[in-house]
Amino acid sequence: MLNVLVTGGAGYIGSHVCVALLEAGHQVTVVDNLCNSSARSMDAVQSVTGRTLNFTQMDIRDTTGLVSVMQARSVDVVIHLAGLKAVGESVQSPLAYYSNNVGGTLSLLHAMEATGARRLIFSSSATVYGVPDFLPYTETHPTRPSSPYGHSKLHAERMLRDLCHSSGDWSIVALRYFNPVGAHASAELGEDPRGTPNNLMPFIAQVAAGLRDRLTIFGDDYATRDGTCVRDYLHVMDLASGHLEALSYSATAAGFHAFNLGTGQGTSVRELLAAFEATNRVRVPHEIGPRRAGDIDAFWADPARAVIHLGWKPRHDLADMCESTWRWQLAHPRGFQ
Ligand SMILES: NC(=O)c1ccc[n+]([C@@H]2O[C@H](COP(=O)([O-])OP(=O)(O)OC[C@H]3O[C@@H](n4cnc5c(N)ncnc54)[C@H](O)[C@@H]3O)[C@@H](O)[C@H]2O)c1
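To keep things clear, this report deals only with the structure shown in the data block. (Residues numbered from 1 in each chain as written. Predicted model: local features only at pLDDT ≥ 70, side-chain atom pairs only at ≥ 80, totals over all residues. Heavy atoms only, no water.)

Quick look at the packing of aromatic side chains
Line of reasoning, step 1. Counted under the stated rule, the structure contains eight aromatic pairs.
Line of reasoning, step 2. Note on Tyr137 and Phe299: the rings are 5.5 Å apart at their centroids and 40 degrees apart in plane angle, and the pair reads as tilted. With Tyr137 in the loop between strand S5 (119–125) and helix H6 (148–166) and Phe299 in the loop between strand S13 (286–289) and helix H10 (304–310), this residue pair connects regions lying 162 residues apart in the sequence.
Line of reasoning, step 3. In this structure Phe299 comes out as buried when scored by relative accessible area, which is 10%.
Line of reasoning, step 4. A connected cluster of aromatic rings, assembled from ring pairs, spans Tyr129, Tyr137, Phe178 and Phe299.
Line of reasoning, step 5. It is Arg212 that lies over the ring of Phe203; its NZ or CZ is 5.5 Å from the centre.
Line of reasoning, step 6. We note Arg291 situated over the ring of Tyr222; from NZ or CZ to the ring centre the distance is 3.9 Å. (Phe/Tyr/Trp six-rings, centres within 6.5 Å; stacked < 30°, edge-to-face > 60°. Helix = DSSP H or I, 4+ residues; strand = E, 2+ residues; numbered from the N terminus. Buried < 20%, exposed > 50% of the residue type's maximum accessible area, 1.4 Å probe, protein only. Lys NZ or Arg CZ within 6 Å of the ring centre and 35° of its normal.)

Here it is in structure tokens:
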């Protein structure tokens with residue numbers, strides 16, 4: 001049993017990670033400033049697991065506050081998800097992204113240094129790779145992000161690498177997530193975007209539920225099999241289990257290690273839409289609009305490294321992702337509000 005600090009644990013992925021940690025018997029402490037989430041997700045985590053966690057509303061840039069939480073809870077290991085994640089917004093407000101994602105990570109590392117915690121699992125992103133030289137992306141693909149968001153993740157990874165070079169005490173795993181979708185099987189937890197969703201799956205679900213008129217597909221003239229963008233969607237509970245496997249790995253593997261977490265399957269926007277309609281027997285009105293600036297035609301993961309070294313195996317297929325999203329949408333049309 002570990003005492004795990006989860007930064008950003010009230011958010012979409014963090015809340016599912018908390019479920020996986022509690023079910024594995026770990027003690028969980030969450031720090032989140034709730035800038036993009038609700039404390040009600042913490043109630044939902046406790047209700048679906050029947051276990052309690054410790055929650056503190058705090059900004060991770062408050063290093064002194066972090067130190068006192070970590071000391072009070074005897075934190076052994078940190079899962080660091082707190083951050084901002086909207087690519088478009090990062091172009092408009094780069095300093096907010098560098099402050100939260102780079103400054104926040106730096107503050108957390110100072111707190112870890114002060115308290116003696118030396119194991120960290122970091123939420124990185126496939127956006128660190130940028131325009132593909134080859135596909136699928138392997139972890140050795142060049143890193144050339146095309147947005148301040150992607151740069152902020154790469155800067156954070158750079159700090160983590162440098163720290164591991166400075167001392168052999170650190171054990172840090174960066175998980176480069178592809179496109180997490182879906183919801184917990186209880187339908188009590190799921191993605192709860194504020195305002196207009198930036199991601200495709202919650203948008204589809206809101207259109208299917210009649211909360212929005214139609215989906216606009218951003219471009220159908222990409223160099224892909226049906227002209228729409230191709231991404232690697234993975235179920236959020238498979239992503240959550242990857243964190244447990246990374247925790248085990250970090251117990252013996254010193255240094256910095258990066259792993260892709262994606263299924264290795266590319267799915268186009270049209271294919272995801274068709275899967276959602278067929279699985280849930282609903283219609284999703286849609287139209288084709290112009291391309292969105294900065295979108296890459298296609299990318300997907302080579303997850304072999306995570307499969308071999310972490311023993312990670314995604315278990316859920318596209319139908320599970322669509323079905324769990326729809327059940328969460330129906331059960332909570334207004335999310336946690
Ligand atoms: N969802 C995706 O598609 C995706 C893909 C790749 C990587 N990631 C990364 O995974 C992590 C979690 O993503 P998510 O989808 O769950 O997003 P989310 O917005 O639902 O969760 C992030 C959480 O961090 C909190 N937070 C943000 N800044 C903070 C700060 N300074 N101090 C304390 N708390 C803060 C937010 O309130 C939120 O609860 C992020 O770091 C994101 O960049 C997400």
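So, next bit.
Remarks on the site of the ligand
Line of reasoning, step 1. Taken together, 29 residues sit near the ligand, with Asp32, Asn36, Ser37, Asn100 and Tyr149 positioned nearest.
Line of reasoning, step 2. Taking Asp59, its side chain carries an N or O atom lying 3.1 Å from a nitrogen atom of the ligand.
Line of reasoning, step 3. When the free accessible area of the ligand is taken as 820 Å², the share hidden by the protein chains comes to 96%.
Line of reasoning, step 4. Elements supplying a minimum of two residues to the shell around the ligand: helix H1 (12–23), S5 and H6.
Line of reasoning, step 5. If you tally residues by element for the shell around the ligand, the top one is S5, at three residues. (Near = heavy atom within 4 Å. Polar contact = N/O pair within 3.5 Å; in protein donor to acceptor, adjacent residues only side chain to side chain. Areas by Shrake-Rupley, 256 points an atom, 1.4 Å probe, with all protein chains shown as cover.)

Here we look at helix H9 (residues 269–280)
Line of reasoning, step 1. Under the 1.5 Å per step criterion, the end-to-end length of H9 is 17 Å for 12 residues, consistent within 8% with the ideal 16 Å.
Line of reasoning, step 2. Along H9, the residues that are buried comprise Val269, Leu272, Leu273, Ala275, Phe276 and Asn280. Looking straight down H9, one finds that the buried residues subtend no more than 160 degrees of arc, so they occupy a single side.
Line of reasoning, step 3. Where H9 is buried, its residues contact helix H7 (200–208), strand S8 (215–218), strand S10 (233–235), strand S12 (267–268), S13 and helix H11 (318–331). (Expected span 1.5 Å × (residues − 1). Arc of directions from axis to C-beta. Contact = heavy atoms within 4.5 Å.)

Observations concerning the sheet that holds strand S1 (residues 3–7)
Line of reasoning, step 1. Taken in spatial order, the seven strands make up an open sheet running S3-S2-S1-S4-S5-S6-S11, and their pairing is parallel. At either end of the open sheet lies a strand with only one pairing partner, and these are strand S3 (54–57) and strand S11 (255–261). Between one strand axis and the next, the sheet turns by 20 degrees as a mean value, whatever way the strands run.
Line of reasoning, step 2. Strands in contact with H1 are S1, strand S2 (27–32), strand S4 (77–80) and strand S6 (171–177); relative to S2, the strand with the most contacts, it is inclined by about 165 degrees.
Line of reasoning, step 3. Contacting S5, S6 and S11, H6 crosses the sheet at an angle of about 155 degrees to S5. (Pairing = 2+ DSSP bridges. Axes fitted to C-alpha atoms, helices over the stretch in contact; angles between N-to-C directions.)

Structural notes on the environment of Val45
Line of reasoning, step 1. Within the fold, Val45 resides in helix H2 (residues 40–49).
Line of reasoning, step 2. Taking relative accessible area as the criterion, Val45 reaches 0% and is therefore assigned buried.
Line of reasoning, step 3. Along the primary structure Val45 and Met112 are separated by 67 residues, whereas in three dimensions their C-alpha atoms are 26 Å apart.
Line of reasoning, step 4. Beyond its immediate stretch of four places on either side in the chain, Val45 contacts Ser15, Cys18, Val19, Leu22, Leu53 and Leu189.

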